[in-house]
Amino acid sequence: MNDVILHAHPTFGVLGILASVWVFVEALNASEANRSRVRVAAFVVTACMLIAWALGGYGYTVLYAPEKAIILAGPWPWAHNFVMETKARLFFIPLILALYLPIAATANIARSRGARIVVMAAAALIVLNGLAIEGAGAVVDYAVSAGFVHNGITGAQ
Amino acid sequence: MSAVPPVDAGAETNDALKGPAAGFGLAAVIAILFNTALAWAENVDEPLNAYMASLSGDPWRTHGFAAVAVFIVLGYFFTSRGFRIDGSRLAALLVAASIVAGGGLALWLVLI
């Protein structure tokens with residue numbers, strides 16, 4: 001079950017990123033015809049990010065301690081001290097933007113240039129932050145594997 | 001004869017944002033910066049870190065709830081005050097806050 005949680009966390013992050021791209025494209029082509037679609041897409045972003053937060057929070061606060069010890073004893077201790085510590089707090093930026101996105105999308109982005117720019121900016125920032133966080137997660141994951149090898153631990157895969 | 005094109009009723013009307021889109025937008029800017037400031041404070045102030053841990057069992061958990069609470073409370077506050085802002089200005093603030101907050105987090109964790 002813990003493996004499912006650990007893999008579902010980045011999966012919902014990626015789904016949130018993809019939904020943000022969807023919002024960006026809909027906003028780029030904003031019209032009266034796609035108003036409701038933008039709002040649906042914005043709510044999908046929020047839902048995915050909230051689920052990613054819950055799953056990642058469980059992983060970070062409950063499951064991560066043994067992996068942290070392995071990383072710190074391995075060749076890449078900075079993967080925890082810098083990458084994981086930055087990632088864990090950086091996540092709140094796209095989370096806040098994801099909470100804001102459906103609120104911004106309540107404005108008529110087909111008629112208001114300002115609302116359209118804000119929705120596109122928020123969606124783009126979620127994508128960029130999300131990709132950085134996904135990459136950071138991959139570095140942390142690799143650092144755990146490197147720690148296992150470095151410490152001669154086998155069978156942990 | 002007329003050189004002025006007819007006004008399209010469906011065309012964009014203005015750049016100004018009002019209501020929740022404006023109020024919560026400014027709240028998002030502040031909450032993003034608050035997130036980084038709180039991370040700095042947690043790292044230098046051990047009693048604060050311990051207090052945050054005591055509230056929810058883990059300082060990171062409290063950190064997240066605090067950032068979201070700042071966003072929601074300030075969002076309602078600014079909206080109730082009738083805050084208005086140009087959309088392009090708000091977008092620029094969101095981008096600037098994200099760059100400053102993200103860069104500030106990374107730089108801080110490199111330095112400590």
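Keep in mind it's a predicted model, so treat the numbers as computed, not measured.

S.K.: Explain the overall build of chain B to me, please; I cannot follow it from the model alone.
M.R.: Regarding its fold elements, chain B presents four helices and two strands. Start at the N end of chain B and walk to the C end: the helices and strands fall as β-α-α-α-β-α. Among the 112 residues that make up chain B, the fraction classed as buried is 39%. Considering only contacts within chain B whose residues lie at least 6 apart along the sequence, 82% involve residues at least 24 apart.

S.K.: Would you mind going over the packing of helix H3 (residues 78–90) of chain A against helix H5 (residues 113–150) of chain A with me for this structure?
M.R.: All names here are of chain A. Across the interface, H3 lies against H5 with an axial gap of 9 Å and an inter-helix angle of 150°. Accordingly, the angle class assigned to the pair H3 and H5 is roughly antiparallel. With respect to the hand of their crossing, H3 and H5 are arranged in left-handed fashion. Contact residues: H3 offers Trp 78, Ala 79, Val 83, Met 84, Lys 87 and Leu 90, while H5 offers Asn 129, Ile 133, Ala 136, Gly 137, Val 139, Val 140 and Ala 143.

S.K.: What should I look at first to understand the pattern of salt bridges in this one?
M.R.: Side chains bearing opposite charge may pair, as long as their charged atoms lie close to each other. All names here are of chain A. This structure, assessed with the given rule, holds six salt bridges over all chains. The salt bridge partner of Arg 37 is Glu 26, with a shortest N-O separation of 2.7 Å. Pair noted here: Arg 37 is in helix H2 (residues 35–73) and Glu 26 is in helix H1 (residues 2–28), with a separation of 11 residues, a long-range link. Overall, Arg 37 belongs to the partly exposed group, its relative accessible area being 42%. Between Glu 32 and Arg 35 there is a salt bridge, with its nearest N and O atoms 3.4 Å apart. Connected through shared salt-bridge partners, Glu 32, Arg 35 and Arg 111 make up one network.

Cut-offs used in this document
Residues numbered from 1 in each chain as written. Chains lettered and ligands numbered in written order. Predicted model: local features only at pLDDT ≥ 70, side-chain atom pairs only at ≥ 80, totals over all residues. Heavy atoms only, no water. Helix = DSSP H or I, 4+ residues; strand = E, 2+ residues; numbered from the N terminus. Buried < 20%, exposed > 50% of the residue type's maximum accessible area, 1.4 Å probe, protein only. Contact = heavy atoms within 4.5 Å. Axes fitted to C-alpha atoms, helices over the stretch in contact; angles between N-to-C directions. Parallel < 35°, antiparallel > 145°, perpendicular 65-115°, else oblique. Left-handed = near helix turned anticlockwise from the far one by under 90°. Salt bridge = Lys/Arg side-chain N within 4 Å of Asp/Glu carboxyl O.

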